[in-house]
Each structure stands twice: as structure tokens, then as C-alpha cells.
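Each chain, written out:
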Amino acid sequence: MKMTANTIIRPKRIAVLGSTGSIGTQTLDIIAAYPHLFKAQVLVAGSNAALLVGQCMRHRPALAVIADESKYREVSEALVPLGIEVASGPAAIADAMSRSDVDTVLTATVGYSGLEPTIRAIRAGKDIALANKETLVVAGELVTRMLDSSTSRVLPVDSEHSAIYQCLVGEDTSTVAKLIITASGGPFRTYSREALEKVTVEDALRHPNWNMGAKITIDSATMLNKAFEIIEARWLFGISPERIEAVVHPQSIIHSMVQFADGAVKAQLGLPDMHLPIRYALGDANRLVTTEPHMTISDYASLTFERPDVSRFPCLNFAYRALGSGGTTACVINAANEVAVAAFLKGRIGFLDIYPLIERTLDKMPFVSRPDYEDYVATNEQARAYAGELIEMQTTKTY
Ligand code: NDP
Ligand code: MG
């Protein structure tokens, strides 16, 4: 990853991909707080037309795009009279990424849907503020190769990766011994295997420290989110998997750490609040002054650490399996997980069904060792279809 701290000379024109979600709305808070630095140029939503319209009325972007084509009319009737261009569908989203009036794309859509627009943004040389970790999980090798031959720079938004980035500023990256990614442990950190069998959707959605979208909240409960973050770190920082470890830190105050060749460990601390990493990424690694509450270190009598328990949270091991075999392995894991999490959220499968569904899909899918973009698209479709069949069989009791 290219690491530079640029001086900002005019409002940066930002395309917010997923503006109606948890990261998207917090991004708009930051844009509104620094109007001399940032301008919301393009807003993209999935299907929440009412919120998208409200955001556009406030931020007056040049373009609003809604993925759900059935909502096009509702959005265009509200916004076209205001002089805001409106489009809909996945192709329009991808096209919006290469507009000449966009400087930076903040990717806060959820899941695989982030891949194509991010690739289009990199092809167009846009800077990327990367929240959508699934882009690097699914196609980290391809995306990294594209970044190497592009003028695009990536600034991480994920709090752990922002922390690592901050720890690396001013350091020679060849002296990094280890990346230590912290994990809250999620809502079920202390649960026994027996207790995990009985957890409900509501239990899983109750994250102890972070207020996030539903999909990442479930991924945090299974700890697949941490596996994804290990994969994300491998591609963002070019560190081999055996030098990336996860440690459970229930207070979520240390956002991650880096250990160097001389044994020193640097950490970045802060409240569990995504405004800080979003602000840092949009601000090109500059420290923008904020009136938001600062952390008071003496409020925390103890900061504790535990080794993750992979016997209760086996999804964590998917990181090393995916990075060990490379190719399309992580793409399959992501696809099966998206289908499994959606089924869990609908109450169709139990919490403990998520891991075996991913495992079974992985065992069945063909492996492509050097995938190109089309291979990822095909693998994602196949793996989703297969995971969907497994759920169908399971729910009709023929599994
Ligand atoms: P949310 O579910 O809250 O928001 C997702 C956003 O993506 C919404 O704006 C949604 O639109 C939009 N969207 C969904 N599907 C599509 C699609 N097919 N095309 C275009 N837009 C779509 O998710 P989060 O904000 O929690 O997470 C976003 C990403 O950031 C994820 O990859 C997550 O892993 C990552 N992340 C999130 C963190 C957090 O604190 N939330 C922390 C670190 C990383 P709509 O609402 O209109 O349907
Ligand atoms: Mg994170």
C-alpha cells in the first residue's frame, strides 16, 4: 500500500457507496462537519429510497444512485426537480465510480456487491477509502495487483486496519515483526458450546461495543469478521499470514497493534466509534480537529487480552485456510457466508449452522488457483447457489 499524507487544498469530492448504512451515515456526518474539506458528490444506496432522498436534500450531490431499480421512480421524482441526476441498477453504480467529478470513493456497501465498483474506481485512478472488507477478502490478489499499476491509493476505514496504518506512519515496513489485530470477542465471547446452540438472532445482533450493520454484526459473533480482517490486513499491508494474529480484547479500546523487529509494540487507542477512522481516511491520514468526545484513559481501570478460542469460534481458522490455499478459496467462504448469514437473520438456520455450511460449500466448489475477475464472478455465483441448496435441503430436513 502507498502511504502518503497529502495536504488538502480544496473540498474533496466523495462518492459514498452505501450512504444509507452504518458507515455511510457516519461518513455523511464527517462530510457535514468539514464542508471546506469534503463534498458529497455521489450518493449510492441499496434500497432505502426515503433515506437516500433525505440525504440528497441535505447534501445536494450531483448524482444519486439506487441499486434497487424498482425504487428509481420514487427517487427521481423527488430529486430530479432539485437538479440532482438519478440513476439505478448495478451498472449505473459501477459507471458512477469513474466520473471525472469524483476524487475519492468511500466503499461502504456490504458484501460482494463492493467488488465491481471498487475495481472500476481503481481503473479510473480514484482514491479509495475502504470500508467494504469483502472486496479484499474475495479478490485481494487481483485488487492488489491492480492497485500496484494504478495511481489509486487505499486508506483503510476498518478500525483495526486504520490503527495498523497509524502505527506504521514513519516506520520502515521491513522492520514489522507482527500485526496484532484486536477482536472484541463479540456477544458470545464467554458462551459455552451448549449455550451457543440456543442463541437467537436478537442475541447475535446485540454487539457489546460496536453499533454496526446486521451482516458484520453476525460476522463478529461468529468471529468470521476477524478472519476477514486477517485476510484484509494481508493484502493491505503485504504481511505474510503467519505474522498476523488476532487477540481478544473485550474493551475495544486498543484498535490494533504492530510489533517491530526490536520487540517494541505500537498501538492505537480510542473509543469504539467509527467516526475517527472514517475521518482519518477521508482526511488523507491528516489529524482533523474534532469536537466529538475524546477518550479519557483513566476511565479504563484495565485493558485485558485473551487468546481466541477456535474450538468455539472455528470460523477464525478460515483466514489461514484461505490465505494458505489462495485462489478462489476466500471468495467461496465469503459467498457461502453471505447466504448463511442471510438465512440465519431470517430465522431459517441456527447460529451453529453457519460454520458447517461454509465448510461444506468449500469442500464442494472447484478451486481456481490464479483467478481473473470472471473467475471470481463465476465462483461467487456457484458458491451462493450451492450454499442456498444446502439450506433448502436442511430446512426441508433432507440434509
Ligand atoms: P450496512 O448494512 O449498515 O449498510 C450497507 C449499505 O450498503 C447500505 O447503504 C445499503 O443500502 C447498501 N447496499 C446494500 N446492498 C447494496 C447493493 N447491492 N448495491 C449498493 N448498495 C448496497 O453495513 P455497514 O455500514 O455496517 O457495513 C458496510 C461495510 O463496511 C461492510 O463491508 C462492513 O464489513 C464494513 N465495515 C463496517 C463497520 C461498521 O462499524 N459498520 C466497521 C468496519 C467495516 P440500503 O440501506 O439502502 O439497502
Ligand atoms: Mg473491524
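See the structure shown above.
Since the structure is predicted, the reported quantities are computational estimates derived from the model, not experimental observations.

## Looking at the overall build of the chain
Each helix and strand in the chain was counted, giving 16 helices and eleven strands. Its C-alpha atoms give the chain a radius of gyration of 21 Å, within 12% of the compact-globule value 21 Å for 399 residues. When its C-alpha atoms are laid out on the principal axes, the chain stretches across 55 × 55 × 40 Å. Relative to its full complement of 399 residues, the chain shows a buried share of 54%. Across the chain, contacts joining residues at least 24 apart in sequence account for 70% of those joining residues at least 6 apart. Carbon together with sulfur atoms contributes 52% to the accessible area of the chain, which is approximately 16800 Å² in total. Averaging the positions of the 38 positive and the 44 negative side-chain charges in the chain gives two centres separated by 2 Å.

## Considerations on the sheet that holds strand E10 (residues 254-260)
Here four strands make up an open sheet; going across it, the order is E9-E8-E10-E11 and the pairing mixed. Both edges of this open sheet fall to strand E9 (244-248) and strand E11 (265-269), since each of them pairs with a single strand only. With strand direction ignored, the average angle separating the axes of adjacent strands in the sheet is 20°. Bridging between strand E8 (residues 176-183) and E10 involves four bridges; their strand directions are antiparallel.

## A word on helix H13 (residues 318-325)
By the burial criterion, the buried members of H13 are Phe318, Ala319, Ala322 and Leu323. For H13, the angular spread of the buried residues around the axis is 125°, confining them to a single face. The elements touched by buried residues of H13 are helix H11 (224-237), helix H14 (329-345) and helix H15 (354-364). Positioned one or two residues after H13, glycine 326 has a phi angle of 65°, which is positive.

## With respect to the side chain of aspartate 127
Within the element layout of this structure, aspartate 127 appears in strand E6 (residues 127-130). The buried category is assigned to aspartate 127, whose relative accessible area is 15%. Reaching out from aspartate 127, the side chain makes a polar contact with the side chain of arginine 153 at a distance of 2.5 Å.

## Overview of the site of ligand 1
Close to ligand 1 lie 25 residues, the nearest being Thr20, Ser22, Gly46, Asn48 and Glu134. Residue isoleucine 23 places a main-chain N or O atom 2.9 Å away from an oxygen atom belonging to ligand 1. Considering ligand 1 on its own, with 900 Å² of exposed area, one finds that the protein chains cover 83% of that surface. By residue class, the composition of the shell around ligand 1 is ten nonpolar, twelve polar and three charged.

## Remarks on the nonpolar core
A general tendency of soluble globular proteins is for nonpolar side chains to be buried together. Formed by 127 residues in total, the largest nonpolar core has its most connected members in Phe38, Leu106, Leu179, Phe237 and Leu282. Considering every element that reaches this core, the biggest residue donor is H14, with eleven residues. Residues in contact with phenylalanine 38, not counting those within four places in the same chain, are Pro11, Lys12, Ile14, Ile30, Ile31, Leu282, Gly283 and Leu288.

## A short note on unusual backbone geometry
Even without being a glycine, arginine 60 presents a positive backbone phi close to 45°. Along the chain, the position of arginine 60 falls in the loop between helix H2 (49-59) and strand E3 (63-66). Unlike most non-glycine residues, serine 252 shows phi in positive territory, near 50°. One can find serine 252 in the loop between E9 and E10. Classification of serine 252 as buried rests on a relative accessible area of 6%.

So, how was this worked out
- Residues numbered from 1 in each chain as written.
- Chains lettered and ligands numbered in written order.
- Predicted model: local features only at pLDDT ≥ 70, side-chain atom pairs only at ≥ 80, totals over all residues.
- Heavy atoms only, no water.
- Helix = DSSP H or I, 4+ residues; strand = E, 2+ residues; numbered from the N terminus.
- Rg over C-alpha atoms; globule rule 2.2 N^0.38 Å.
- Buried < 20%, exposed > 50% of the residue type's maximum accessible area, 1.4 Å probe, protein only.
- Contact = heavy atoms within 4.5 Å.
- Areas by Shrake-Rupley, 256 points an atom, 1.4 Å probe, with all protein chains shown as cover.
- Lys, Arg positive; Asp, Glu negative; His and termini not counted.
- Charge placed at Lys NZ, Arg CZ, Asp CG, Glu CD.
- Pairing = 2+ DSSP bridges.
- Axes fitted to C-alpha atoms, helices over the stretch in contact; angles between N-to-C directions.
- Arc of directions from axis to C-beta.
- Polar contact = N/O pair within 3.5 Å; in protein donor to acceptor, adjacent residues only side chain to side chain.
- Near = heavy atom within 4 Å.
- Nonpolar A, V, L, I, M, F, W, Y, C, P; charged D, E, K, R; others polar.
- Core = buried A, V, L, I, M, F, W, Y, C linked by side-chain atoms within 4.5 Å.

By themselves, these figures tell us nothing about what the structure is for.
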